[in-house]
Amino acid sequence: MGYEIAVNKAWEELSACASDSRKIIFLGEEYSFDLSAKQCICCSGRQIKQYPLVLLLHYAIAAAKGIPAPAGEWISFRELPSGEFYYPAFRKRAVEPLLLKYGDKPRETVAGLCGRLPGIVKEYPEGDVCLLIEAFPCVPVKVIFRLADEEFSAGAVMLFDRNADKVFCTEDIAVLGGILAVKLSALA
């Protein structure tokens with residue numbers, strides 16, 4: 001029920017700040033918003049669940065108001081407003097699924113994710129594998145894996161551009177992290 005209230009509120013806010021239909025790109029897929037019908041349609045025809053819909057609507061609202069360019073500085077979820085408080089839930093939703101899926105895989109398997117998920121732009125030379133994901137235009141996310149070896153267990157971290165909280169609230173960024181984890185986990 002909570003998402004339904006958030007979705008309705010977001011439609012109202014988007015209608016108030018945008019006068020025409022909108023299109024946005026999320027993880028390489030195009031979404032169209034019909035403001036008069038209060039519908040969001042994925043170009044693939046795929047049904048959209050409520051929690052990603054809230055994220056899509058919040059991005060469309062931010063886009064209508066003007067999204068800042070990425071700062072080029074990376075921060076952890078904990079550095080977001082109230083991020084330290086929400087970190088245990090974020091870790092469970094976004095980080096642990098990645099560790100479970102990829103922590104014991106060879107580097108080549110994890111690096112092979114590049115290009116398989118629309119939005120993965122390139123691999124970076126950080127950690128054992130580092131993927132740069134263009135989640136939304138001007139909202140990049142880095143996912144850095146440290147794979148398990150004889151001495152250390154696997155580790156993973158998601159980093160966000162410093163301006164991410166100018167586009168989304170911390171709860172939305174947690175949802176974004178969870179969606180990315182699900183999408184990346186589905187690729188193996």
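Residues numbered from 1 in each chain as written. Predicted model: local features only at pLDDT ≥ 70, side-chain atom pairs only at ≥ 80, totals over all residues. Heavy atoms only, no water.

Chemist: Which residues make up the sheet that holds strand β2 (residues 29–34), and what values do they have?
Modeler: The three strands are arranged β1-β2-β3 in an open sheet whose pairing can be described as antiparallel. At either end of the open sheet lies a strand with only one pairing partner, and these are β1 (22–26) and β3 (39–42). Between one strand axis and the next, the sheet turns by 25° as a mean value, whatever way the strands run. Two elements, β2 and β3, share four bridges in a ladder whose sense is antiparallel. Note on β3: the bridge partner recorded for Tyr31 is Cys42. Sheet contacts for helix α2 (residues 50–65): β1, β2 and β3; angle to β1, the most-contacted strand, approximately 120°. (Pairing = 2+ DSSP bridges. Helix = DSSP H or I, 4+ residues; strand = E, 2+ residues; numbered from the N terminus. Axes fitted to C-alpha atoms, helices over the stretch in contact; angles between N-to-C directions. Contact = heavy atoms within 4.5 Å.)

Chemist: Residues and numbers for the packing of helix α3 (residues 83–102) against helix α5 (residues 170–186), please.
Modeler: Axis separation between α3 and α5 bottoms out at 9 Å; the angle between their running directions is 5°. As far as their axial angle goes, α5 and α3 are roughly parallel. Here Gly83, Tyr86, Phe90, Arg93, Ala94, Pro97, Leu98, Lys101 and Tyr102 of α3 lie close against α5, whose contacting residues are Thr170, Ile173, Ala174, Val175, Gly177, Gly178, Ala181, Leu184 and Ser185. Of the residues belonging to the contact of α3 with α5, the class tally is 11 nonpolar, five polar and two charged. (Parallel < 35°, antiparallel > 145°, perpendicular 65-115°, else oblique. Nonpolar A, V, L, I, M, F, W, Y, C, P; charged D, E, K, R; others polar.)

Chemist: Describe the packing of aromatic side chains, and please don't skip the residues or the numbers.
Modeler: Under the defined criterion, the tally for this structure stands at 11 aromatic pairs. Ring centres 4.4 Å apart and planes at 15° place the aromatic pair Tyr59 and Phe136 in the stacked group. A residue pair is termed long-range when its members are at least 10 positions apart, and Tyr59 in helix α2 and Phe136 in strand β6 (residues 129–136) qualify at 77 residues. The burial state of Tyr59 is the same as that of Phe136; both residues are buried. One aromatic cluster is present, formed by Phe26, Tyr31, Tyr59, Phe136 and Phe168 through successive ring pairs. Above the plane of the ring of Tyr87 lies Arg78, whose end atom (NZ or CZ) is 3.9 Å from the centre. (Phe/Tyr/Trp six-rings, centres within 6.5 Å; stacked < 30°, edge-to-face > 60°. Buried < 20%, exposed > 50% of the residue type's maximum accessible area, 1.4 Å probe, protein only. Lys NZ or Arg CZ within 6 Å of the ring centre and 35° of its normal.)

By themselves these figures say nothing about function.
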